[in-house]
Amino acid sequence: PGSACSACWLWWMRFCKILASPFQPKTTLHVKRSKGSIVLLSSWITLSVDRTTPTATRLECRLSRPVFRSEVPKLDSRVAHLKGQSTFSMISRGKNEVCRSGNADEEADSKSMPTRPFCRPQILLFGDSLTQFCFNEGGWGTGLAKRYQRTADIVLRGYSGYNTRWALPLLPHVFPAQIGDDGSSPGGGAPSIVTVFFGANDAVMPGYGEVESRQHVPQQEFKENLKLIINHIRSARLDWNNDAPRILLITPPPVDAEAWQTHRLKTFDPPPEAHTNARCNDYTKQYAAAVMEVAKETSTPAVDLFSAFISISNWQKCMCDGLHFSPKGNRMVLNAINEAIQCHFPNFMPESLEIDFPLHKDIDPLFPSSTIARHLEHKSVPNSS
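Definitions and cut-offs
Residues numbered from 1 in each chain as written. Predicted model: local features only at pLDDT ≥ 70, side-chain atom pairs only at ≥ 80, totals over all residues. Heavy atoms only, no water. Helix = DSSP H or I, 4+ residues; strand = E, 2+ residues; numbered from the N terminus. Buried < 20%, exposed > 50% of the residue type's maximum accessible area, 1.4 Å probe, protein only. Contact = heavy atoms within 4.5 Å. Phe/Tyr/Trp six-rings, centres within 6.5 Å; stacked < 30°, edge-to-face > 60°. Arc of directions from axis to C-beta. Core = buried A, V, L, I, M, F, W, Y, C linked by side-chain atoms within 4.5 Å. Salt bridge = Lys/Arg side-chain N within 4 Å of Asp/Glu carboxyl O.

Student: Is there a simple way to think about the overall build of the chain in this case?
Tutor: Scanning the chain from terminus to terminus reveals 14 helices and nine strands. Across the 385 residues in the chain, those meeting the buried criterion constitute 45%. Long-range contacts, defined here as pairs at least 24 residues apart, represent 72% of the contacts in the chain between residues at least 6 apart.

Student: Can you walk me through the packing of aromatic side chains in this structure?
Tutor: We describe a pair of aromatic rings using the distance from one ring centre to the other and the angle between the two ring planes. Taken as a whole and judged by the stated rule, the model has 11 aromatic pairs. Ring centres of Y162 and W166 lie 6.3 Å apart, and the angle between their planes is 90°; on these two criteria the pair is classed as edge-to-face. Judged by relative accessible area, which is 27%, W166 ranks as partly exposed.

Student: What's the story with helix α10 (residues 257-267) in this structure? I'm lost.
Tutor: One turn of an α-helix holds 3.6 residues; hence residues three or four places apart share an orientation. Burial in α10 covers these residues: A257, W260, Q261 and R264. Down the axis of α10, the sector holding all buried residues measures 100°, keeping them to one side. Across from the buried face of α10, at angles greater than 90 degrees, the exposed residues are E258, T262 and K266. In this structure, the buried residues of α10 make contact with α8 (209-212). Once α10 finishes, D269 follows within two positions and takes phi at roughly 50°, a positive value.

Student: How should I be thinking about the nonpolar core in this particular structure?
Tutor: As a rule of thumb, soluble globular proteins bury nonpolar side chains together. Ranked by size, the top nonpolar core spans 34 residues in total, and within it W140, L144, Y148, L305, F325 and I337 carry the most contacts. Of all elements in the fold, only β5 (122-127), α5 (140-147), β7 (193-197), β8 (246-250), α12 (305-310) and α13 (327-344) reach the threshold of two or more residues within this core. Apart from residues no more than four positions distant in its own chain, L144 is found in contact with L125, I154, L334, I337 and N338. One finds V196, V217, I230 and I233 within the second-largest nonpolar core, a separate group that totals 28 residues.

Student: Would you take a moment to explain the pattern of salt bridges for this structure?
Tutor: Pairing is possible between side chains that carry opposite charge, provided their charged atoms lie close to one another. If you walk through the whole model with that rule in mind, you get eight salt bridges. The closest approach of N and O atoms between E297 and K227, which form a salt bridge, is 2.7 Å. Within this pair, whereas E297 is found in helix α11 (residues 281-297), its partner K227 is found in helix α9 (residues 219-236), the two being separated by 70 residues in sequence. On the basis of relative accessibility, which here comes to 21%, the residue K227 falls in the partly exposed class. Via salt bridges that share partners, R120, R150, D153 and D356 belong to a single interconnected network.

Following this line, the structure appears as structure tokens:
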């Protein structure tokens, strides 16, 4: 019985070895450089890179998929390419060498990437409902996100109904001053460009009751609030390129008071004491002028949206309800902001920014991590402007 069991066990081991043999690597390509080596298995095992650093850190990189024997010539040419770029030299090609890959390889692979954190520039949109709704279908914020895809993040910080007085308590939260050791801050990196778009609610006229006039802010206070917002943004923290955020002021647009009154009575059903209309285009014009005055006093670029709208015939078609933008109005806002960025911050035009990672056609299918690492190593940042 003992010998029979032993014979069965030996036959079973041979059977398992036959099943496993097609999956065992047969050839190993061994490439070495000073202070490190690359081991490449040409069958089912991944690429491993060992580099000894002063801190004895072990770095590894693996292929994105299995490598078959027919691909060995292509890998040989790739190694020759590495030899020319990184002073690699081939040492030996052996047989029956086994290297196992798994979670350890993946973990080490991530360590081979650059240690500095990846940063994409931010354009932060700060304002009232004219900003909050800009990501609606056809909104000007959506247009910006489309223009800056893969080059900058468009961050929305719009607060419907807010005036500058109510925006001031938000500043430490929207623009935190705290900076980590790696330059990061809560919620992400500091923005490179900030649009400040308030005034539509500040320009509600006083004396029309507690409900209607609660958003009103006197013009002088409005100007001081804008200056406080500008100073806080500039002093809170630096952006990813160690520059103070660039600020773009935007004036409130004209208001079609009659259309807005019709819309609010139909939509919000206010109490009888709030049926009066506290919005007036001539009054809003004064707040638009106040924004331009603050821009001049603080040397801050500004978009005179009020003048841009009022200069065209039938400007009322730029508003969907008398106060907020229609598709036509959103296109005008987007064009005005793009022109302002081109004029004042030309290095932050989309075509002047690098994409954050290489195009798919530039990825080496066998060495994707190396492609990404080289891209980040040589990635430049925009000059101050």
